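Coordinate analysis (summary)
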4 protein chains.
Amino acid sequence: MSSCFNSGVKISIFGESHGKGIGVVIDNLPAGEEISLDKIGEFMARRAPKKDGTSTTRNEKDIPEILSGLYENKTTGTPLAAVIYNSDQHSGDYGNISHTARPAHADYTGFLRYNGANDPRGGGHFSGRLTAPLCFAGAVCSQILEKQGITVGAHIKSIKNIKDESFDPVNVTAEQLNYVKSRSFPVISDDAEEKMREIINSARMNLDSVGGIVECAAVGFPAGTGSPIFDGLENIISHLVFGIPAVKGIEFGNGFECSDLFGSENNDEFLIKDGKIVSRTNNHGGILGGISSGMPIIFRVAFKPTPSISRPQKTVDFKSMTETELVIKGRHDPCVVPRAVPCVESAMNIALLSALLEKPQI
Amino acid sequence: MSSCFNSGVKISIFGESHGKGIGVVIDNLPAGEEISLDKIGEFMARRAPKKDGTSTTRNEKDIPEILSGLYENKTTGTPLAAVIYNSDQHSGDYGNISHTARPAHADYTGFLRYNGANDPRGGGHFSGRLTAPLCFAGAVCSQILEKQGITVGAHIKSIKNIKDESFDPVNVTAEQLNYVKSRSFPVISDDAEEKMREIINSARMNLDSVGGIVECAAVGFPAGTGSPIFDGLENIISHLVFGIPAVKGIEFGNGFECSDLFGSENNDEFLIKDGKIVSRTNNHGGILGGISSGMPIIFRVAFKPTPSISRPQKTVDFKSMTETELVIKGRHDPCVVPRAVPCVESAMNIALLSALLEKPQI
Amino acid sequence: MSSCFNSGVKISIFGESHGKGIGVVIDNLPAGEEISLDKIGEFMARRAPKKDGTSTTRNEKDIPEILSGLYENKTTGTPLAAVIYNSDQHSGDYGNISHTARPAHADYTGFLRYNGANDPRGGGHFSGRLTAPLCFAGAVCSQILEKQGITVGAHIKSIKNIKDESFDPVNVTAEQLNYVKSRSFPVISDDAEEKMREIINSARMNLDSVGGIVECAAVGFPAGTGSPIFDGLENIISHLVFGIPAVKGIEFGNGFECSDLFGSENNDEFLIKDGKIVSRTNNHGGILGGISSGMPIIFRVAFKPTPSISRPQKTVDFKSMTETELVIKGRHDPCVVPRAVPCVESAMNIALLSALLEKPQI
Amino acid sequence: MSSCFNSGVKISIFGESHGKGIGVVIDNLPAGEEISLDKIGEFMARRAPKKDGTSTTRNEKDIPEILSGLYENKTTGTPLAAVIYNSDQHSGDYGNISHTARPAHADYTGFLRYNGANDPRGGGHFSGRLTAPLCFAGAVCSQILEKQGITVGAHIKSIKNIKDESFDPVNVTAEQLNYVKSRSFPVISDDAEEKMREIINSARMNLDSVGGIVECAAVGFPAGTGSPIFDGLENIISHLVFGIPAVKGIEFGNGFECSDLFGSENNDEFLIKDGKIVSRTNNHGGILGGISSGMPIIFRVAFKPTPSISRPQKTVDFKSMTETELVIKGRHDPCVVPRAVPCVESAMNIALLSALLEKPQI
């Protein structure tokens with residue numbers, strides 16, 4: 001019951017939204033890996049609130065201070081710790097809701113779990129702010145993976161009923177992944193961007209919020225990595241992805257769609273191309289038996305609409321045990337999906353580096 | 001990279017399809033819990049092949065021999081080990097495919113992962129047979145949970161495009177879960193059973209297979225159990241569920257559907273009923289911030305069609321690196337979903353008992 | 001291969017001697033436990049260098065800044081993170097030894113392990129400074145244990161051939177443990193203190209150093225906690241104690257002495273006293289089969305003499321692969337044992353709280 | 001609180017002395033390693049009771065049946081499970097002591113830990129018989145290590161006050177280790193054997209028992225493997241060694257003796273020999289900062305006298321809470337040390353293979 005992940009890479013995330021600081025310790029990294037702080041900054045900027053109406057207007061600078069584990073810009077191999085100090089704290093905004101359960105938030109469950117002792121301000125340890133250290137860790141891992149020729153990228157697959165194109169599960173390339181990551185609004189299709197921005201804006205104007213789906217892919221990951229049963233790539237990736245608040249589902253390859261297919265439709269034929277074994281289609285999403293096949297790894301993650309909406313909502317005060325009505329103040333994202341894109345990538349980067357490190361080698 | 005699960009309950013699964021035996025060690029169980037071997041037998045019988053055309057005609061008796069951990073029908077608190085000896089082995093059936101990659105199987109990825117040293121007969125450690133020890137562990141955990149008033153049950157939500165009714169996410173009861181578990185074909189609606197049997201039978205006649213979805217629910221699980229970030233109920237449940245072969249996706253509560261909703265539609269209002277805090281709807285699936293809310297826990301799991309179909313398939317021989325055509329012989333399930341129902345329950349039973357045991361108590 | 005400990009309490013220690021900061025994340029603590037910062041300060045002061053000639057003259061203020069996990073002076077139950085900024089850095093002192101292996105230090109082994117990428121300044125992550133976050137964690141755990149009536153205390157059993165009295169393994173009390181902890185030089189006998197101070201001082205004057213033994217005891221720990229095989233109290237305690245630099249051995253109860261006894265001498269008779277089962281003697285050191293017996297838990301830890309001595313030493317430069325002579329400059333402890341006392345207690349406090357939390361309870 | 005070890009190699013030990021069987025699952029082994037069953041048999045025979053008066057006259061054949069993980073005599077890379085069926089069960093011998101606490105045994109602590117539900121027959125899961133699966137695992141690991149040029153060997157350093165010679169900590173060779181392992185009574189000096197046999201025999205005649213010390217060494221282990229703080233070689237080795245019943249202490253290198261030395265005496269000078277960095281002396285026991293130095297790894301383990309002696313002993317009945325006298329019947333080892341030698345080696349083999357597998361490599 002901890003905020004630790006203990007596979008090949010060991011991650012310990014700490015902090016509360018309105019405490020002194022949040023951060024992460026990343027342990028068991030290979031030594032001597034060059035890390036660019038600028039690239040970390042760019043990665044994390046993708047998670048930071050935008051000034052374009054799609055996210056909160058809070059000013060979260062979120063510049064991580066690295067306390068250990070980097071020496072002369074290289075990983076030392078000993079724990080890499082980073083802290084982000086909380087500065088822009090409007091705890092006043094949350095004063096009146098400390099015992100009122102915000103619907104779809106963890107106020108009530110957290111109160112029970114921690115016997116009322118958890119820090120309730122701004123969601124405390126449940127806050128979406130805790131994805132900042134996750135992204136820091138993901139950014140570090142991504143740089144190590146890139147040197148191995150492995151590229152991870154994600155885009156917004158849908159916001160409500162507006163759909164982006166999909167990654168081509170067979171032919172997606174590192175270039176395409178890097179291109180979509182470079183966009184301020186990470187979609188493949190310009191048309192989708194426009195309509196998604198509209199629906200987000202419209203939700204915001206209606207004091208409402210919207211959900212969506214993120215699609216993530218990795219290319220260059222070596223075939224033959226992972227394990228059956230409990231340490232497969234799907235086990236590890238899903239374990240990490242559900243560490244991102246608001247995630248309600250995950251599917252690999254063609255995912256839920258496969259449940260509506262015949263085996264003859266779903267099975268991916270193998271063939272030889274350029275001396276390499278590949279599959280003609282990639283319904284399996286690059287993973288068979290928990291192990292990478294060498295095809296692009298593809299999965300999609302469902303995000304619920306931001307729970308914090310400014311409309312009046314019926315709920316309860318869990319201390320006085322009375323029903324009440326709640327109006328959430330403060331500045332909130334009308335849609336978490338754009339900012340969730342690098343979070344999903346981070347979970348994936350950590351999972352893939354872990355799987356590489358876990359492979360038994362003597 | 002192991003077949004161990006190491007949360008509150010520690011599970012180590014071993015065995016290969018055509019080796020001497022398969023089994024499981026379950027460690028860290030509470031001591032003194034009465035276990036009925038008959039009930040374990042009933043639970044495992046639900047996973048065994050049926051004589052009704054929906055599954056393989058192989059005769060898998062799968063009677064587990066308990067080696068340790070039970071004394072006078074109670075858990076000793078020390079490791080509970082069980083072995084199932086493999087008897088009905090037709091390894092001849094697999095002789096010609098040892099280096100031919102069966103599409104959608106792990107033959108090729110397993111070959112790479114284990115440098116060609118893994119046991120290829122019948123899928124080896126990748127075989128669906130390995131869900132028998134999983135079900136044994138699930139059956140043990142379910143009996144311990146039941147004494148705590150916790151009931152887990154699952155049903156076939158769909159086979160291809162044929163859909164069963166859904167569990168009522170707010171009002172589902174232990175009785176309903178137990179009823180559906182008692183059915184030889186675990187669905188809620190008789191009508192769905194008939195049509196599902198038809199489509200499975202038809203796939204079988206066409207030398208094909210079909211996929212489907214399993215829906216699982218738990219009631220009676222105490223609110224306030226679980227954790228945010230990496231040790232939440234979704235993290236643990238999904239980690240275990242992806243240990244079942246053929247799983248391609250998982251979603252909690254309303255799952256992927258939530259991505260198409262406004263926050264005002266998706267948020268579950270809290271209210272007080274009979275002196276208890278409940279929610280009017282249960283889109284959140286009984287989990288908020290990784291922690292149980294006291295509402296029924298609901299999730300769905302997508303299964304792909306059985307990869308083994310008897311039609312000729314194009315593929316490659318990964319040793320000679322040549323393209324080839326493959327006809328899979330042997331007796332295979334035209335649909336794994338009916339037999340997967342107790343497997344999903346097992347993952348859930350293990351996850352819930354783990355979460356209970358992991359809750360920090362001094 | 002990490003600096004994490006992952007039993008009931010999860011500890012992740014980070015930092016390098018001359019980096020920005022060192023610290024620790026403590027996860028899975030029970031929620032709502034009142035923590036006194038003053039008491040933490042007192043605990044850590046016992047590890048800080050003394051002004052009395054027994055330790056380095058470096059000024060290590062080592063005031064930990066708590067970033068998360070405490071709210072209104074109580075544990076939130078979410079990760080408790082603390083950082084100690086490094087201020088008094090004399091990296092110049094270490095300039096000339098970066099590739100010269102200081103005998104009995106980890107310079108050479110660390111260089112190999114981290115491919116030359118680890119931070120070599122002041123020992124980097126190998127530095128004794130890293131026991132400050134260990135003591136912080138130990139201080140937190142000790143306060144939680146004390147509320148359960150559990151008291152841990154240690155004293156200097158010997159410095160070189162000068163011996164203190166021993167704790168009475170049967171009758172030692174919390175009061176005695178607290179008394180010895182309150183002393184600036186933690187011994188039982190005044191006479192031992194004087195002679196030990198003399199021998200330390202004399203070593204310092206001779207540009208030399210001395211080793212010694214720390215004896216640690218715990219009283220009030222509930223009988224029946226622990227496990228056989230790999231999760232016993234001895235396994236956990238020794239695992240943690242070897243996390244303290246310079247430790248070369250550990251023994252429980254009468255320890256190595258038992259190897260020279262007959263069974264009839266070593267076996268502790270049980271008897272009933274005040275309605276409780278106790279043992280007449282306590283050669284077993286309060287642990288049988290990895291599980292606490294209710295008797296005081298007693299163990300001793302051997303510390304080697306401080307490796308850093310100011311005399312010329314023969315060694316090698318591991319980069320140029322040449323033999324050389326080394327004179328270590330800087331300010332070093334002529335004996336680490338007095339400052340190691342709270343470190344040993346810390347390992348014990350963490351171990352005992354872990355064992356309590358790990359006990360399966362539903 | 002489990003009988004699992006979860007480092008690089010994952011070990012799950014199960015069984016009770018008088019249950020159906022005992023065994024072990026070894027997971028995460030590298031694939032394709034050739035394993036000789038004959039060599040496993042030889043290794044385990046060293047732990048089996050001898051017919052020479054030094055051990056119990058019980059007939060423990062202890063031939064392990066391998067259920068999985070070996071295919072064509074090579075590790076498959078998937079879990080290797082082995083079971084040893086219990087055949088020679090004299091549970092009658094233990095009938096009268098089920099609630100009488102045998103002094104220095106875990107009867108009473110086990111009763112508390114497991115709420116009276118553990119299998120008490122013959123010590124149940126606490127029995128020394130559980131070292132048979134440990135030795136099986138150690139034998140498997142040793143064969144994998146040997147192919148890497150790594151040899152582990154141990155001998156009886158002392159029985160009571162009779163001392164064998166010591167391994168030369170600088171110059172001990174694989175040949176010497178293999179020689180001592182080949183002896184039916186594993187000592188270096190013939191003279192020591194004779195006297196040790198006498199003292200064991202004399203203890204047996206006196207219905208008493210004796211303790212002793214085992215010294216273990218490893219050569220060929222690559223320098224630069226291990227980690228500081230919590231994952232060092234000492235942490236891992238001691239964690240495993242305390243899994244052997246009757247162990248009361250462990251020391252590395254010169255161990256407790258270092259506490260009585262000056263730094264100038266204890267520090268090992270480095271020098272260059274045959275182009276390699278070595279140390280002139282090896283007080284550090286081959287480990288610095290938790291990491292191997294390339295010098296032989298040396299440690300000693302203290303074993304208490306066998307608790308089971310046939311003399312009348314005063315004790316209590318922990319169910320009726322009355323004082324009583326106990327005479328232990330049955331056939332017991334007058335000294336566990338000769339049979340403990342391969343157990344200590346096993347812990348070491350598992351530890352070293354784990355450390356190799358844990359080293360971060362991508």
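Structure first, text after, so check above.
So, here's what we can say about the structure.

**Considering the overall build of chain A**
Each helix and strand counted, chain A has eight helices and 18 strands in total. Here the C-alpha radius of gyration of chain A, 21 Å, is about what a compact globule of 362 residues would show, namely 21 Å. Viewed in the frame of its principal axes, chain A has a C-alpha envelope of about 65 × 50 × 35 Å. The buried share of chain A, taken over its 362 residues, is 69%. Considering only contacts within chain A whose residues lie at least 6 apart along the sequence, 73% involve residues at least 24 apart. Averaged over its 36 positive side-chain charges, chain A has a centre that lies 5 Å from the centre of its 42 negative ones.

**Here we look at the relation of the copies chain B and chain D**
Once chain B has been moved 0.0 Å along the axis and rotated by 180 degrees, it coincides with chain D to within an RMSD of 0.0 Å. In symmetry terms, the pair is related by a two-fold rotation axis. In terms of proximity to the rotation axis, the leading residue of chain B is Ser12 of chain B, whose C-alpha is 3.6 Å off the axis. When the interface residues of chain B are mapped onto chain D, 100% of them again fall at the interface, so both copies present the same face.

**Quick word on the environment of Ala340 of chain C**
Among the structural elements, Ala340 of chain C can be located in helix H8 (residues 337-358). Here Ala340 of chain C falls in the buried class, since its relative accessible area comes to 4%.

**A few points about the sheet that holds strand E4 (residues 65-68) of chain C**
All names here are of chain C. The five strands lie next to each other as E1-E2-E3-E7-E4, forming an open sheet whose pairing is antiparallel. If you trace the sheet from one side to the other, it starts and ends with strand E1 (4-6) and E4, each paired once. Each strand of the sheet is rotated relative to its neighbour by a mean of 15 degrees, with strand direction disregarded. Taken strand by strand, helix H3 (residues 131-147) contacts strand E2 (10-15), strand E3 (21-27), E4 and strand E7 (80-85), and its axis lies near 30 degrees from that of E3.

**Here's the deal with the packing of helix H1 (residues 37-45) of chain B against helix H3 (residues 131-147) of chain B**
All names here are of chain B. Where H1 contacts H3, the axes come no closer than 9 Å and their chain directions differ by 130 degrees. Looking at the two axes, H1 sits oblique to H3. Considering only the axes of H1 and H3, their crossing is right-handed. Across from Lys39, Ile40, Phe43 and Met44 in H1, the residues of H3 making contact are Ala132, Cys135, Phe136, Gly138, Ala139, Val140, Ser142, Gln143 and Glu146.

**Re the interface of chain B and chain D**
Contacts between chain B and chain D engage 41 residues on the former and 41 residues on the latter. Seen at the junction of chain B and chain D, the total is two salt bridges. The tally of links from chain B across to chain D stands at 17 residue pairs in polar contact (both at pLDDT 80 or more). When residues of the side of chain B that touches chain D are traced back to their parent elements, those giving at least two are strand E1 (4-6), strand E2 (10-15), strand E3 (21-27), strand E4 (65-68) and strand E7 (80-85) of chain B. Residue contributions to the side of chain B that touches chain D peak at five residues, all from E2 of chain B. For the side of chain B that touches chain D, the class distribution of residues is 16 nonpolar, 18 polar and seven charged.

**Some words on the interface of chain D and chain C**
At the interface, 104 residues of chain D touch 104 residues of chain C. Each partner contributes to the roughly 8,400 Å² buried at the junction of chain D and chain C, and carbon and sulfur atoms together form 65% of this total. Per-residue buried area on chain D facing chain C is highest for Met1, Phe230 and Lys248 of chain D; these three make up 12% of the total on that side. Counting across the chain D and chain C interface gives two salt bridges. A salt bridge links Lys160 of chain D to Asp260 of chain C, with the shortest nitrogen-to-oxygen separation between them at 3.8 Å. By residue number, the principal contributor to the side of chain D that touches chain C is helix H6 (residues 233-241) of chain D, which donates six residues. Classifying every residue of the side of chain D that touches chain C by side-chain character gives 50 nonpolar, 34 polar and 20 charged. Across three bridges, the pairing between strand E11 (residues 247-252) of chain C and strand E11 (residues 247-252) of chain D is antiparallel.

**A closer look at unusual backbone geometry**
In this structure, Asn73 of chain B takes a positive phi of about 65 degrees despite not being glycine. Its relative accessible area of 46% is what places Asn73 of chain B among the partly exposed residues.

**Here we look at the pairing of strand E2 (residues 10-15) of chain D**
Residues and elements named next belong to chain D. Where burial is concerned, most of E2 is hidden: six out of the six residues are buried. Neither face of E2 is exposed, since Lys10, Ser12 and Phe14 on one face and Ile11, Ile13 and Gly15 on the opposite face are all buried. For strand E1 (residues 4-6) and E2, the ladder comprises three bridges, and the chain directions are antiparallel. Along E2, the bridge assignment pairs Cys4 with Ser12. Two successive antiparallel strands, E1 and E2, enclose a turn made up of three residues. Pairing of E2 with strand E3 (residues 21-27) involves six bridges; the strand directions are antiparallel.

**Details of the side chain of His105 of chain A**
On the secondary structure map, His105 of chain A appears in the loop between strand E7 (80-85) and helix H2 (107-113). Side-chain polar atoms of His105 of chain A contact the side chain of Ser308 of chain A, separated by 2.7 Å. With residues up to four places along the chain from it excluded, the contact list for His105 of chain A reads Pro307 and Ser308 of chain A together with Leu288 of chain B.

**Concerning the pattern of salt bridges**
A complete count under the given rule lists 56 salt bridges over all chains for this structure. Where Arg46 of chain B meets Glu345 of chain B, a salt bridge forms, and the shortest distance between an N and an O atom there is 2.7 Å. You can see Arg46 of chain B sitting in the loop between H1 and E4 and its partner Glu345 of chain B sitting in helix H8 (residues 337-358), a full 299 residues away along the chain. Each member of the pair Arg46 of chain B and Glu345 of chain B is classed as buried. Bridged by salt links that share partners, the residues Arg183, Asp190, Glu193 and Arg197 of chain A form one connected network.

**Describing the state of the cysteines**
One pass over the structure, following the stated rule, counts zero disulfides over all chains. Cys135 of chain C takes part in no disulfide bond, and the closest cysteine sulfur, belonging to Cys343 of chain C, lies 3.8 Å away. With a relative accessible area of 0%, Cys135 of chain C lands in the buried category. No disulfide involves Cys335 of chain C; its nearest neighbouring cysteine sulfur is the one of Cys258 of chain D, lying 11 Å away.

**Remarks on the sheet that holds strand E7 (residues 80-85) of chain D**
All names here are of chain D. Reading across from one edge, E1-E2-E3-E7-E4 is the order of the five strands in this open sheet, with antiparallel pairing throughout. Strands with a single pairing partner mark the edges of an open sheet, and in this sheet they are E1 and strand E4 (65-68). Each neighbouring strand pair of the sheet contributes to a mean axis angle of 15 degrees, computed without reference to strand direction.

**Some details on the environment of Pro312 of chain D**
Residues and elements named next belong to chain D. Mapped onto the secondary structure, Pro312 falls in strand E17 (residues 312-317). Residue Pro312 is classed as exposed on the basis of its relative accessible area, which comes to 51%. Measuring from C-alpha to C-alpha, the distance between Pro312 and Ser189 comes to 36 Å, with 123 residues separating the pair along the chain. Other than its neighbours up to four places away in sequence, Pro312 contacts Glu325, Leu326 and Val327.

**Quick notes on the pairing of strand E8 (residues 151-159) of chain A**
Residue and element names in this part refer to chain A. Among the nine residues of E8, nine are classified as buried, and the element is accordingly described as predominantly covered. Pairing analysis gives eight bridges linking E8 to strand E10 (residues 212-219), with the strands arranged antiparallel. Bridge pairing in E10 places Ile159 opposite Gly212. Inspection of the sheet shows E8 paired to strand E9 (residues 162-163) by two bridges, in the antiparallel sense. When the sheet's bridge partners are listed, Ser158 is paired in E9 with Lys163. Between E8 and E9, which pair antiparallel and follow one another directly, the connecting turn spans two residues, one of which, Lys160, has a positive phi of 50 degrees.

Thresholds applied
- Residues numbered from 1 in each chain as written.
- Chains lettered and ligands numbered in written order.
- Predicted model: local features only at pLDDT ≥ 70, side-chain atom pairs only at ≥ 80, totals over all residues.
- Heavy atoms only, no water.
- Helix = DSSP H or I, 4+ residues; strand = E, 2+ residues; numbered from the N terminus.
- Rg over C-alpha atoms; globule rule 2.2 N^0.38 Å.
- Buried < 20%, exposed > 50% of the residue type's maximum accessible area, 1.4 Å probe, protein only.
- Contact = heavy atoms within 4.5 Å.
- Lys, Arg positive; Asp, Glu negative; His and termini not counted.
- Charge placed at Lys NZ, Arg CZ, Asp CG, Glu CD.
- Least-squares fit on C-alpha atoms with pLDDT ≥ 70 in both.
- Pairing = 2+ DSSP bridges.
- Axes fitted to C-alpha atoms, helices over the stretch in contact; angles between N-to-C directions.
- Parallel < 35°, antiparallel > 145°, perpendicular 65-115°, else oblique.
- Left-handed = near helix turned anticlockwise from the far one by under 90°.
- Salt bridge = Lys/Arg side-chain N within 4 Å of Asp/Glu carboxyl O.
- Polar contact = N/O pair within 3.5 Å; in protein donor to acceptor, adjacent residues only side chain to side chain.
- Nonpolar A, V, L, I, M, F, W, Y, C, P; charged D, E, K, R; others polar.
- Buried area = accessible area lost by both parts, 1.4 Å probe.
- Disulfide = S-S within 2.5 Å.

Interpretation in functional terms is not warranted from these geometric data alone.
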